[in-house]
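Coordinate analysis (summary)
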Amino acid sequence: MMKFRFRRQGADPQREKLKQELFAFHKTVEHGFPNQPSALAFDPELRIMAIGTRSGAVKIYGAPGVEFTGLHRDAATVTQMHFLPGQGRVLTLLDDDSLHLWEIVHHDGCAHLEEAIHFQAPSRPGFDGASGLPSLAHITVVLLVAAGDMAALGTEGGSIFFLDVPTLTLLEGQTLGPDEVLRSVPDDYRCGKALGPVESLQGHLRDPTKILIGYSRGLLVIWNQAARCAERIFLGNQLESVCWERSGHTVVSSHSDGSYAIWAADTGDSPTAQPTVATTPYGPFPCKAINKVLWRSCASGEHFVIFSGGMPRASYGDRHCVSVLQAETLVTLDFTSRVIDFFTVHSTRPEDEFDEPQALAVLLEEELVVLDLQTPGWPAVPAPYLAPLHSSAITCSAHVANVPAKLWARIVSAGEQQSPQPASGASSWPITGGRNLAQEPSQRGLLLTGHEDGTVRFWDASGVALRPLYKLCTAGLFQTDCEHADSLAQAAEDDWPPFRKVGCFDPYSDDPRLGVQKVALCKYTAQMVVAGTAGQVLVLELSDTPAEQTVGVASLDLLQDREGFTWKGHERLSPRLGPLPWPAGFQPRALVQCLPPAAVTAVTLHAEWGLVAFGTSHGFGLFDYLRRSPVLARCTLHPSDSLAMEGPLSRVKSLKKSLRQSFRRIRKSRASGKKRTVAGSKLQEANAQLAEQAGPQDVEVTPVQRRIEPRSADDSLSGVVRCLYFADTFLRDAAHHGPTMWAGTNSGSVFAYALEVPAAVAGGEKRPERAVEAVLGKEVQLMHRAPVVAIAVLDGRGRPLPEPYEASRDLAQAPDMQGGHAVLIASEEQFKVFTLPKVSAKTKFKLTAHEGCRVRKVALATFASVACEDYTETCLACLTNLGDVHVFSVPGLRPQVHYACIRKEDISGIASCVFTRHGQGFYLISPSEFERFSLSARNITEPLCSLDVRWPRGATHISHRSRESPKLSQANGTPGIILAPQSCDGSPDPICKEADTPEPPEAMLSPMSIDSATSADTTLDTTGDMTVEDVKDFLGSSEESEKNLRNLSEEEARACTILIK
């Protein structure tokens, strides 16, 4: 049923233009490590690297800030990737036997990755006209020959087809079948009736007419394509891979029994030969297969042999290893995830006699590791990007904008001391292709991620490359049970094989109670708070020098001796006693233990007052960390909150109780709907009469308000504290302002406390030793008991209050303390502004009633105009459970824009979203990747880069073919506003408007934003007939009616340009 109202005024064209200058939605860049990588390639001329994934994504990386992303039309696994050297083109093979040619093209001075053309392998027999030849059914290996103009395709049937790369068409008459090869092989070298699948193809660096063919059953053939004959033949065991040394004199093969063999390819007149060296490095017991082997020559004569696998099957068959052998030096690189592929950075110029490898890059399933082969000891090279965000599972995240230069330098210095660089200058990142055209960021941004193992990682989020800066570890403060077991494991480790732990991916947590749930950082005093799963709240301060000190421990009972509650969850963590050594960086100053030791759900820090507030599912507390004394403890439990006593790690939750409550809600909804049918029918008749009287241009259709069922006060977990907030405002009376603390709970309760904070002595930074006092000033109960997501106080001009120290140090405009203040309370269902100190309703917007969704994340952001540098607006940005982002004006709460950002099925992505102060945001698209998006038309962080490519003579780019295979969505499979493939004239391709993309797997995360905690996703709205009460509630005053009418007219004017999900 729809409601009709007379249109009083249309959309304001001036305001619509201003919106376009302020707001614009872009998904800009993906930070982190690609999820589920499956293929790797490297262009030694352009110094760029490509990674393919199981979802069909193609990601190309060069120097920091140089990134290109593409996505195949079909969500198939990328099995192989091959660069056309120096051309900026890459050929990809998918597991559906399709080949795709991608090219980096330039538009308006910036480079973009586009799919040029694709080829689907035919499966019918006799494709090339020769009868009896197997079909090109399954491609096993691809080799680029003749400078990339032609590709050889090895198949499962043993045949080799040749493809013209610029057009991706098969070359007829050049197919090499297994029968033709067998005719050149002596009878005693024929391994059975068939040669088996083509396992490897290698080209000669100086003679493109020669191809080294390796068949899976062990036969190796050096084939002369011009003479159509076999020049050399080798026979070994079951083949896994082959490497042809650059001079062509040496061939190295690896086999399924864990051995590798070295063959001389230019000795003797006989076409057959025996290996000069055949060895099983980790024998004599049965070993696993050596999946890939590389031979790299050195002028010193001490050549490199690098291979993956080959470990003793019984003892270390579950290890993921890459072995590096040079002369007598053998190092077994031990990784924590599966090896996908690896390559060396070495000289590929034909005039050079030796390879002289500089670096080894190993792509693993969960990280990328680069080793410097020119420095003794082969140390790891720190990655400026592609760092594994999920080295331990991410549990929370926060963003800090406009970081002062001094604090930034101190954090960078602390990070450098954690991983000191070698003195040698050769240890530099080897992937340096392209040029970053983006300007230097005007301000520095920090992204903080809390992890399951108790660490907090600091990332440079100022630009495209998410660079690791510093890692804070909190586990050293507590006693864990795993230390003894680790020492025993290390003592039992043998000297052979010579394992060396490499990489930082470690998915196993020592103790789940160490998990970080909330972080807060004061950028002006370098103080921060880290709160964990077992109720631990740690206050830390940045120090430039190592120190040894004792951490003071205080406990705070949030139950306040309330009877009838017994904690059934995990135990508290036991802190270490006595002085403890702490490296340079953030060092703990105080530890507060909440009792019961439930997970901390909200935390906030006010460094100017020396106070930290924290909340759990039982209540909230206030702690004075300067005097190390508790100030306040308030229990928020309802008498029926039994589930709050079970803890997140307990599995005794009653399924029967949950089902019983669900059926009661359904029954109640149906009964209330039947009772109100009569009233609803009368309202329909009245609306019909209004519709008949009004003309089609004079009426406006507005969405029906959905009926929201009031939540019961005895719902489980109603006492969870969702948000905490400090503000200097008017609470007691309109004449005197002072420090206040606000707390919002899961049951819609808001508690406001007036604080008595002793003022600091003039000229001094420390305040008197007098204790801080807290007095309950106001208590607000929302009508529908919806969880309170965020609280913010607005000054007399309707602007948010500045952060601590911003006003006192003249870093921000001082708040207006003359006009009346207001408090904005955001719940899951509506936003409401109350005047202070009377706490009377001023403005509200019922999001759930209008849009049928619930609020998940909220933040106040400043949007700058692209037309006028000095014009800014502060707005409220919110993310709903449907994945939509809405922007509202403040304090009027008028809808401005809304966009479809995240798929509603991606619960972990919605839960992990965090907004920035300047209209950007981050959310997890996989356990290892953050998607960055922008709501601001001016503040956009996206790759702007160029690449100097070398086109072959007479070649032209063929990106007009991209219409056949457009980029459907972002590489992670999430829908969004994307750059469409370009036609020859540079115009966007019109067919790239819709996309059906696969759903990525859900990540088991519990990430949270700064202002709200994760809660159960109970967002099913009960809708029913419209009642008189609903109409009265919606209409309210005439002023509110005009606001709703104006907002809806603005939505209609924008309906043609905004995607509504």
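This structure is a prediction, so every number in the text was calculated from the model and none was measured.

The rules behind each value
Residues numbered from 1 in each chain as written. Predicted model: local features only at pLDDT ≥ 70, side-chain atom pairs only at ≥ 80, totals over all residues. Heavy atoms only, no water. Helix = DSSP H or I, 4+ residues; strand = E, 2+ residues; numbered from the N terminus. Buried < 20%, exposed > 50% of the residue type's maximum accessible area, 1.4 Å probe, protein only. Contact = heavy atoms within 4.5 Å. Areas by Shrake-Rupley, 256 points an atom, 1.4 Å probe, with all protein chains shown as cover. Disulfide = S-S within 2.5 Å. Salt bridge = Lys/Arg side-chain N within 4 Å of Asp/Glu carboxyl O. Pairing = 2+ DSSP bridges. pLDDT = per-residue confidence, 0-100. Axes fitted to C-alpha atoms, helices over the stretch in contact; angles between N-to-C directions. UniProt positions renumbered as here; feature names shortened; annotations may be inferred. Core = buried A, V, L, I, M, F, W, Y, C linked by side-chain atoms within 4.5 Å. Expected span 1.5 Å × (residues − 1). Arc of directions from axis to C-beta. 1 Å grid on protein atoms, 1.4 Å probe; cavity = no way out; pocket = protein on both sides within 12 Å on 5 of 7 lines; lining within 4 Å. Points joined across faces, edges and corners; volume = space filled by probe spheres on them. Phe/Tyr/Trp six-rings, centres within 6.5 Å; stacked < 30°, edge-to-face > 60°. Lys NZ or Arg CZ within 6 Å of the ring centre and 35° of its normal.

**Digging into the overall build of the protein chain**
Counting its secondary structure elements, the protein chain contains 11 helices and 66 strands. Scored against the burial criterion, the 1061 residues of the protein chain give a buried share of 56%. Restricting the contact set of the protein chain to residue pairs at least 6 apart, pairs at least 24 apart contribute 62%. Only carbon and sulfur atoms are counted for the fraction: they give 51% of the accessible area of the protein chain, which is about 45000 Å².

**Considerations on the state of the cysteines**
The full count for this structure, using the stated rule, is 0 disulfides. For cysteine 913, which is in no disulfide, the shortest distance to another cysteine sulfur is to cysteine 901 and amounts to 6.3 Å. Take cysteine 913: its relative accessible area is 1%, and that puts it in the buried class.

**Here's the deal with the pattern of salt bridges**
For the structure shown, the criterion picks out 28 salt bridges. Between glutamate 16 and lysine 19 there is a salt bridge, with the nearest N and O atoms lying 3.6 Å from each other. Of this pair, glutamate 16 and lysine 19 both sit in helix α1 (residues 13–22), separated by 3 residues, roughly a single helical turn. Of the two residues examined, glutamate 16 and lysine 19, each falls in the buried class. The partner of lysine 210 in a salt bridge is glutamate 231, and the shortest N-O contact between them spans 3.3 Å. Residue lysine 210 is found in strand β16 (residues 210–215), and its partner glutamate 231 is found in strand β18 (residues 229–235); the two are separated by 21 residues along the sequence. According to the relative accessible area criterion, glutamate 231 is partly exposed, its value standing at 28%. Salt bridges sharing partners connect three or more residues here, namely Glu30, Lys59 and Glu929.

**Thoughts on the pairing of strand β62 (residues 895–900)**
For β62, the tally of buried residues reaches 6 of 6 residues, placing the bulk of the element in the interior. Relative to β62, strand β61 (residues 884–889) runs antiparallel, the two sharing 5 bridges. In the strand pairing of β62, valine 887 is matched with valine 897. Where β61 folds back onto β62 in an antiparallel hairpin, the turn is made up of 5 residues, including leucine 893, whose phi is positive at roughly 55 degrees.

**Here's the deal with the confidence of the model for the protein chain**
Overall, the predicted model of the protein chain reaches an average pLDDT of 82, with 77% of residues at or above 70. Contacts from residues 1–8, a stretch scored under 50 in pLDDT, to residues over four places away or in other chains number 42 contacts. For the stretch residues 690–702, pLDDT sits under 50, and the model shows 25 contacts to residues farther than four places along the chain or on other chains.

**Some thoughts on the sheet that holds strand β54 (residues 773–781)**
The strands that make up a sheet are held in pairs by hydrogen bonds between backbone atoms, and each pair lies either parallel or antiparallel. Spatial strand order, β51-β52-β53-β54: 4 strands in an open sheet with antiparallel pairing. Single-partner strands in this sheet number two, and they are β51 (721–729) and β54. Across this sheet, the average inter-strand angle for adjacent strands is 20 degrees, counted without regard to direction. The sheet contact formed by β51 and strand β52 (residues 738–745) spans 8 bridges and is antiparallel. Within β52, the position partnered with aspartate 728 by the bridge is proline 739.

**Some points on the UniProt feature "repeat: WD" (unreviewed entry) in the protein chain**
Under the UniProt annotation, the feature "repeat: WD" (unreviewed entry) is placed at residues 446–460. The distance separating the terminal C-alpha atoms of residues 446–460 is 5 Å; by composition the span is 0% helix and 80% strand.

**A closer look at the sheet that holds strand β57 (residues 830–835)**
Spatial ordering of the open sheet is given by β55-β56-β57-β58, a layout of 4 strands whose pairing is antiparallel. At either margin of the open sheet sits one strand with a lone partner, and together these are β55 (788–794) and β58 (841–846). Strand after strand, the sheet turns through a mean of 15 degrees between neighbouring axes, direction not considered. Relative to strand β56 (residues 822–827), β55 runs antiparallel, the two sharing 6 bridges. The residue bridging leucine 794 from the neighbouring strand is alanine 822, located in β56.

**Remarks on the nonpolar core**
Soluble globular proteins tend to bury their nonpolar side chains together. Counting 36 residues, the largest nonpolar core has Ile411, Leu446, Val456, Phe458, Leu472, Met528 and Phe586 as the members making the most contacts within it. Beyond its immediate chain neighbours, meaning those up to four positions away, methionine 528 contacts Val456, Phe458, Leu472, Ala520, Leu521, Leu538, Val539, Leu540, Phe586 and Leu605.

**Side note on the pairing of strand β21 (residues 260–264)**
Most of β21 sits inside the fold, with 5 of its 5 residues counted as buried. The alternating pattern of β21 places Tyr260, Ile262 and Ala264 on one face and Ala261 and Trp263 on the opposite face, and all of these are buried. Two strands pair when backbone bridges link them, and strand β20 (residues 250–255) and β21 are joined in this way by 5 bridges, in the antiparallel orientation. Each bridged residue has a counterpart across the sheet, and for valine 251 the counterpart in β21 is tryptophan 263. Hairpin connection between β20 and β21: a loop of 4 residues separates the two successive antiparallel strands, and glycine 258 in this loop has a positive phi of roughly 85 degrees.

**Considering the environment of leucine 201**
Following the sequence through the fold, leucine 201 ends up in strand β15 (residues 198–203). Along the backbone, leucine 201 and serine 241 are 40 residues apart, and their C-alpha atoms lie at a distance of 8.9 Å. What leucine 201 contacts, discounting residues up to four positions off in sequence, is Val141, Leu143, Ala152, Leu153, Gly154, Ile160, Ile211, Leu212 and Ile213.

**Re helix α4 (residues 405–418)**
Here α4 is 14 residues long and its end C-alpha atoms lie 20 Å apart, about the 20 Å a rise of 1.5 Å per residue gives. Every buried residue of α4 is listed here: Leu407, Trp408, Ile411, Val412, Ala414 and Gly415. Taken end-on, α4 shows its buried residues confined to a sector of 160 degrees, consistent with a single buried face. Across from the buried face of α4, at angles greater than 90 degrees, the exposed residues are Ala405, Lys406 and Glu416. Tucked into the core, α4 has its buried residues touching β33 (446–451), β34 (455–460), β35 (467–473), β40 (536–543) and β45 (585–595).

**Notes on empty space enclosed by the protein**
Tallied over the entire structure, the rule returns 6 cavities of 30 Å³ or more. By volume, the largest cavity is sized at about 60 Å³.

**Considering the packing of aromatic side chains**
For the coordinates displayed, the defined rule picks out 23 aromatic pairs. Taken together, Phe25, Tyr899, Phe915, Tyr923 and Phe933 form an aromatic cluster joined through their ring pairs. When the ring centre of phenylalanine 342 is taken as reference, the NZ or CZ atom of lysine 292 above it lies at 4.9 Å. When the ring centre of tyrosine 805 is taken as origin, the NZ or CZ atom of arginine 809, which lies over that ring, is 4.2 Å away.

**Things to note about the side chain of histidine 451**
Looking at where histidine 451 falls in the secondary structure, it is placed in strand β33. Given a relative accessible area of 0%, histidine 451 falls into the buried group. Apart from residues lying up to four places away in sequence, histidine 451 is in contact with Leu389, Ser392, Ala393, Ile394, Thr395, Arg457, Leu514, Gly515 and Val516.

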